[in-house]
Amino acid sequence: MTATTPAPTASPALRVVVASPLSEELCRLIERAEPRIDLVRDQSLLPPMRHPADYRGDPAFVRTPAQQAEFEALVDSADVLYGIPDVDPAALRRTVTANPKLRWVQLMAAGGGAQVKSADLADDDLTRVAFTTSAGVHGGPLAEFALFGILAGAKRLPQLQQQQRQHDWPARRPLGQVRDQTVLLVGLGGIGKEIARLSQALGMHVIGTRRPGSSSTVEHVDEYVSIDDLAEHAGRADAIVVSLPGTAATDGLVGAAVFAAATPGVTIVNVGRGTVIDEAALTVALQNGQVGFAALDVFASEPLPTSSPLWDLPNVLVSPHTAALDAGEERRIAELFAENATRFLDGRPLRNTVDTVEFY
C-alpha cells in the first residue's frame with residue numbers, strides 16, 4: 001500500500017519538527033522556500049554532525065533522561081518529521097504510534113523504504129503517514145562512482161597498483177577502452193539514467209533492463225532486455241552496474257547464474273543495495289577470475305563484517321557506503337523537502353513516496 005496524498009492542512013502553519021541534524025542555514029533555507037510551515041527545532045537535542053550528511057551524528061552524544069523526554073515530546077507534536085529520530089526504526093515506530101496527527105516523514109536515505117519496513121508499522125499507520133525519500137539527490141555522485149568502477153576495471157587498476165607496490169615494470173600490455181565496451185545497467189531509476197548518460201558519453205554501448213512487459217524507454221539507453229533474462233545477456237557485457245533498491249523481488253537477483261554466464265573478467269559495480277548481489281557467489285567469481293574487478297559501495301550487511309573475504313581480495317574496491325556523499329547533499333535534500341512541503345500544503349502528490357508494499 002502507499003499512503004494517499006494528504007489533503008491541505010486547515011492550520012495556518014504546518015508544524016514540521018526537525019528530527020535529524022540540520023544546520024541553521026538550511027533550516028532558514030526551508031523557511032524561506034515555504035513560509036507556510038512552522039519549522040521547529042532544538043539543536044541542543046540533536047547530535048552534532050562529524051562530517052557532511054552525517055545524519056546519525058556523533059555517537060558520543062547522549063541525551064539525559066530529561067532531554068530524551070523533551071525530544072520525544074517534540075517529535076510527537078509534529079504534523080511532519082524531517083528525518084527519522086536518531087535514524088532508528090524503533091524510534092520511528094514509537095512516534096508514529098504515539099502521534100496520531102503525524103502525516104508525513106521525510107527520510108534522508110534514497111533507499112529509505114528499508115527503514116520504514118524495519119519499523120514494522122501497522123497497516124493503518126502506513127496508510128495514514130506518507131514517507132518520502134531523497135531519491136534523485138544522489139544520482140550524480142553515485143553515477144560518477146559507477147563510472148569510476150567501470151574505468152578502474154577497464155584500465156586494470158588492481159594490477160597496476162600491485163605492480164607499483166612491487167616496483168615491477170612488466171612488458172607493455174594493452175588496457176581496455178571503454179568506448180569499445182558494453183555496459184549492462186541493472187536498474188534504470190534516477191541513478192541508472194545518469195549512469196546511462198555518462199556511459200554513452202564515453203562511447204559505451206548501453207543495455208538497460210526493465211520488467212517483463214514494460215515498454216518504457218530511457219534516454220541514452222541503446223537497447224533493452226528483460227530483467228528476468230539477466231543471465232542470458234550477461235555474456236554481452238564488459239561491465240554490469242547494479243542500482244536497484246533492496247526488495248524481496250531483487251534479493252540475490254545478480255547471483256551465480258549471472259556470474260557464470262558473464263564475460264570472463266567482467267567488471268561488477270554496485271551502487272544500489274547490497275542484497276541485490278549474492279555476495280557468496282560474487283566472492284567465488286572474484287576468486288576464480290570470472291569477475292575481474294568489483295567496485296562495491298553497498299553490502300548485504302553493513303558495516304561489512306571483518307570476516308568477509310571481500311576485504312582482502314585484490315580485485316575488489318570496498319567503499320563504506322559513502323559514494324553518494326558530497327558537500328551539497330544536505331542542501332539538495334532540504335530543497336527537495338521544501339518543494340514537497342509546498343506540494344503537501346497544496347494537496348498535490350508528493351515526490352519520492354515510499355511504496356509500502358515493496359518498501360522502495
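Calculation criteria
- Residues numbered from 1 in each chain as written.
- Predicted model: local features only at pLDDT ≥ 70, side-chain atom pairs only at ≥ 80, totals over all residues.
- Heavy atoms only, no water.
- 1 Å grid on protein atoms, 1.4 Å probe; cavity = no way out; pocket = protein on both sides within 12 Å on 5 of 7 lines; lining within 4 Å.
- Points joined across faces, edges and corners; volume = space filled by probe spheres on them.
- Nonpolar A, V, L, I, M, F, W, Y, C, P; charged D, E, K, R; others polar.
- Pairing = 2+ DSSP bridges.
- Helix = DSSP H or I, 4+ residues; strand = E, 2+ residues; numbered from the N terminus.
- Axes fitted to C-alpha atoms, helices over the stretch in contact; angles between N-to-C directions.
- Contact = heavy atoms within 4.5 Å.
- Domains from an automatic or database assignment.
- Expected span 1.5 Å × (residues − 1).
- Buried < 20%, exposed > 50% of the residue type's maximum accessible area, 1.4 Å probe, protein only.
- Parallel < 35°, antiparallel > 145°, perpendicular 65-115°, else oblique.
- Left-handed = near helix turned anticlockwise from the far one by under 90°.
- Salt bridge = Lys/Arg side-chain N within 4 Å of Asp/Glu carboxyl O.

What to know about empty space enclosed by the protein
Moving on, step 1. Tallied over the entire structure, the rule returns one cavity of 30 Å³ or more.
Moving on, step 2. The space that makes up the largest cavity amounts to roughly 30 Å³.
Moving on, step 3. If you trace the largest cavity, you find it lined by Asn270, Gly274, Ile277, Glu279, Leu282, Leu296, Val298, Phe299 and Leu310.
Moving on, step 4. Taken together, the residues of the lining of the largest cavity break down into six nonpolar, two polar and one charged.

Describing the sheet that holds strand β7 (residues 205-210)
Moving on, step 1. The parallel open sheet is built from seven strands, whose spatial order is β8-β7-β6-β9-β10-β11-β12. Two strands lie at the open edges of the sheet, namely β8 (223-226) and β12 (316-318), each paired on one side alone. Across the sheet, the mean angle separating the axes of adjacent strands is 20 degrees when strand polarity is ignored.
Moving on, step 2. Against the sheet, helix α8 (residues 190-201) contacts β6 (182-186), β7 and β9 (239-242), and its axis sits at roughly 175 degrees relative to β6.

What to know about the domain arrangement of the protein chain
How big an interface is tends to be reported as the loss of accessible area on association of its parts.
Moving on, step 1. For the protein chain, the assigned domains are domain 1 (14-133 + 327-346) and domain 2 (138-318).
Moving on, step 2. One C-alpha centre belongs to domain 1, the other to domain 2; they are set 34 Å apart.

What about the sheet that holds strand β2 (residues 37-40)?
Moving on, step 1. A sheet is described by the order of its strands in space; here five strands give the open sequence β2-β1-β3-β4-β5, paired in parallel fashion. Of all the strands in the sheet, just β2 and β5 (130-132) have a single pairing partner and so form its edges. On average, each strand axis in the sheet is tilted by 20 degrees relative to the strand beside it, whichever way the strands run.
Moving on, step 2. Across three bridges, the pairing between strand β3 (residues 80-82) and strand β4 (residues 104-106) is parallel. Opposite Tyr82, over in β4, you have Gln106 as the bridge partner.
Moving on, step 3. Of the strands in this sheet, β1 (14-18), β2, β3, β4 and β5 touch helix α12 (residues 329-345), which is tilted by about 165 degrees from β4.

Section: the layout of surface pockets
Moving on, step 1. Estimates place the volume of the second largest pocket at around 240 Å³.
Moving on, step 2. Lining the second largest pocket are 16 residues; nearest its centre among them are Gly153, Ala154, Arg156, Gly265 and Thr267.
Moving on, step 3. At the level of elements, α6 (139-154), α7 (157-165), β10 (266-270) and β11 (291-296) are the ones that each hand at least two residues to the lining of the second largest pocket.
Moving on, step 4. For the lining of the second largest pocket, the element with the most residues is α6, which contributes three residues.
Moving on, step 5. Among the residues forming the lining of the second largest pocket, the class breakdown is six nonpolar, eight polar and two charged.

Topic: α12
Moving on, step 1. Look at α12: 24 Å from first C-alpha to last across 17 residues, which is about the 24 Å you get at 1.5 Å a residue.
Moving on, step 2. For α12, the buried fraction is high: 13 of the 17 residues fall into the buried class.
Moving on, step 3. Phi turns positive one or two residues past the end of α12, at Gly347, with a value near 75 degrees.

Things to note about the packing of α6 against α8
Moving on, step 1. Interaxial distance between α6 and α8 falls to 8 Å at its minimum, and their mutual angle equals 50 degrees. One element, α6, and the other, α8, form an angle in the oblique class. Viewed along their axes, α6 and α8 form a crossing whose handedness is right-handed. Mapping the contact onto sequence places Gly139, Gly140, Leu142, Ala143, Glu144, Ala146, Leu147 and Ile150 in α6 and Ile191, Glu194, Ile195, Leu198 and Ser199 in α8.
Moving on, step 2. Within the contact of α6 with α8, the residues separate by chemical class into eight nonpolar, three polar and two charged.

Some points on the pattern of salt bridges
Moving on, step 1. One pass over the full model with this rule turns up 18 salt bridges.
Moving on, step 2. In this structure, Arg331 engages Glu25 in a salt bridge whose closest nitrogen and oxygen atoms are separated by 2.8 Å. Of this pair, Arg331 sits in helix α12 while Glu25 sits in helix α1 (residues 24-33); the two residues are 306 residues apart in sequence, bridging distant segments of the chain.
Moving on, step 3. A relative accessible area of 33% places Arg331 in the partly exposed class.
Moving on, step 4. Residue classification places Glu25 among the partly exposed residues on the basis of a relative accessible area of 47%.
Moving on, step 5. Among the ionic pairs, Glu339 bridges to Arg343, the shortest N-O distance being 3.3 Å. Here Glu339 pairs with Arg343, and both are found in helix α12, just four residues apart, close to one helical turn.
Moving on, step 6. The network of salt bridges with shared partners includes Glu24, Arg28, Glu31 and Arg41.

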